[in-house]
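What follows is each chain in one-letter form.
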Amino acid sequence: MGNRRRRKKRSHRIYALIVLLLGAAIIAAVLFLLFYVQKIEVKGNNYVTEKEIIEAVQDDELSVNALYILGKYALGRGKTLPSLERMKVGLKAPWIVKVEVKEKPIVGYIQNKELYDYFDKEGLVVLESTELIDGVPYIEGIGVGEVKLYGHLKSKNSKLFEQILETSREITKHELKPDRIVCEEDVICLYIGRIRVCLGKNVSSVQIAQIQPILEKIGDKEGTLHLENYSEVQGTITFEEGPLPQEADAGEGQDGLNGSQGADAGEPQDDAGGAQEAAAGEGQDGLNGSQETGIGVQEEKQE
């Protein structure tokens with residue numbers, strides 16, 4: 001009797017184990033089939049391609065399962081691209097993975113042979129393309145070393161290059177869209193349509209904040225806006241009306257605040273700020289300065 005009972009108990013345990021294993025196998029099969037990734041939807045991308053993002057999400061053999069993908073990103077082990085500020089992964093359906101991204105803003109580009117290298121506010125190259133993106137300023141007048149995707153731009157003149165990055169950050173913050181940012185013998189200038197804005201060697205947010213209100217006052221005129229000596233506590237803003245220097249001459253004939261325009265006009269300048277202020281008594285046409293600070297804008301015309 002005892003042996004029979006033991007055999008029955010043993011057979012019941014084996015049967016229960018088989019049932020559990022079969023149940024687990026069925027559940028695993030259902031989960032695999034139900035959560036097998038059939039589609040990945042990407043939102044928020046502009047310059048990063050959908051293909052690049054999908055390849056980053058499915059970077060290993062197990063990433064055909066939506067639960068696995070969800071789990072690895074929840075644990076912080078999912079792959080992200082250096083060009084993205086944020087990447088959020090979720091499920092729209094058991095078989096559909098939803099990916100929402102936020103790209104790092106592009107603040108400028110340089111030309112590298114046949115490619116355009118676009119970089120963010122930290123100087124990281126986030127995109128290489130043969131196509132131009134509207135509204136992104138071209139950086140010229142400063143040499144950089146080897147350029148590669150997802151690498152940081154480096155220049156021998158690191159201080160000046162940092163000022164260029166600071167300029168790029170500030171114009172993005174103030175929603176300005178210059179055509180070019182040019183280094184003219186260590187002087188940083190913005191080219192916005194028919195206006196050249198000289199900022200000097202050290203660029204501040206206070207300078208950048210003055211540009212848009214003054215451009216509205218200048219209207220359709222052509223010339224150079226001098227902000228080199230302007231600061232929060234002192235300085236004069238001067239607008240010098242006249243033709244802009246040719247691109248070939250950019251970087252030549254510039255000496256601090258002394259622009260080549262003044263020399264062409266037949267007016268020797270030993271200090272741009274002083275000479276322009278002295279001449280400001282002539283040709284005033286009612287520019288009353290920045291709306292934000294009330295600092296007067298002196299206008300001088302080339303003769």
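Caption draft 1: Focus on the pairing of strand S8 (residues 180-184). Most of S8 sits inside the fold, with five of its five residues counted as buried. A two-sided burial pattern is seen for S8, the buried positions comprising Arg180, Val182 and Glu184 on one face and Ile181 and Cys183 on the other. Here three bridges tie strand S7 (residues 138-140) to S8, and the two strands are oriented parallel to one another. Within S8, the position partnered with Glu140 by the bridge is Val182. Here five bridges tie S8 to strand S9 (residues 187-192), and the two strands are oriented antiparallel to one another. Bridge pairing in S9 links Glu184 to Val187. Hairpin connection of S8 to S9: two residues between the antiparallel strands, including Glu185 at a positive phi of 50°.

Caption draft 2: Local environment of the nonpolar core. Core analysis: the biggest nonpolar cluster contains 33 residues, and Leu190, Val197, Leu199, Ile211, Leu225 and Leu227 have the highest contact counts within it. Once you skip the residues sitting within four places of it in the chain, Leu190 turns out to touch Thr167, Ile171, Pro178, Arg180, Ile181, Ile195, Arg196, Val197, Leu199 and Ile211. By size, the runner-up hydrophobic cluster in this structure holds 27 residues, among which are Phe35, Val42, Val89 and Leu127.

Caption draft 3: Inspection of the environment of Met87 at higher detail. Mapped onto the fold, Met87 is located in strand S2 (residues 84-93). It is 9.5 Å that separates the C-alpha atoms of Met87 and Gly44, two residues lying 43 residues apart in sequence. Contact partners of Met87, with chain neighbours within four places excluded, come to Ile53, Val57, Tyr73, Lys79, Thr80, Val99, Glu100 and Val101.

Caption draft 4: Local environment of a nonpolar patch on the surface. A cluster of nonpolar side chains, Ile14, Ile18, Leu22, Ile26, Val30, Leu34 and Trp95, forms an exposed patch at the surface whose accessible area comes to about 640 Å². Note on placement: Val30 falls in helix H1 (residues 2-34).

Cut-offs and rules
- Residues numbered from 1 in each chain as written.
- Predicted model: local features only at pLDDT ≥ 70, side-chain atom pairs only at ≥ 80, totals over all residues.
- Heavy atoms only, no water.
- Buried < 20%, exposed > 50% of the residue type's maximum accessible area, 1.4 Å probe, protein only.
- Helix = DSSP H or I, 4+ residues; strand = E, 2+ residues; numbered from the N terminus.
- Pairing = 2+ DSSP bridges.
- Core = buried A, V, L, I, M, F, W, Y, C linked by side-chain atoms within 4.5 Å.
- Contact = heavy atoms within 4.5 Å.
- Patch = residues over 30% accessible without salt bridge, like charges linked within 9 Å, V, L, I, M, F, W, Y side chains within 5 Å.
- Areas by Shrake-Rupley, 256 points an atom, 1.4 Å probe, with all protein chains shown as cover.
- Salt bridge = Lys/Arg side-chain N within 4 Å of Asp/Glu carboxyl O.

In short, the description is geometric, and any link to function would need to be established separately.
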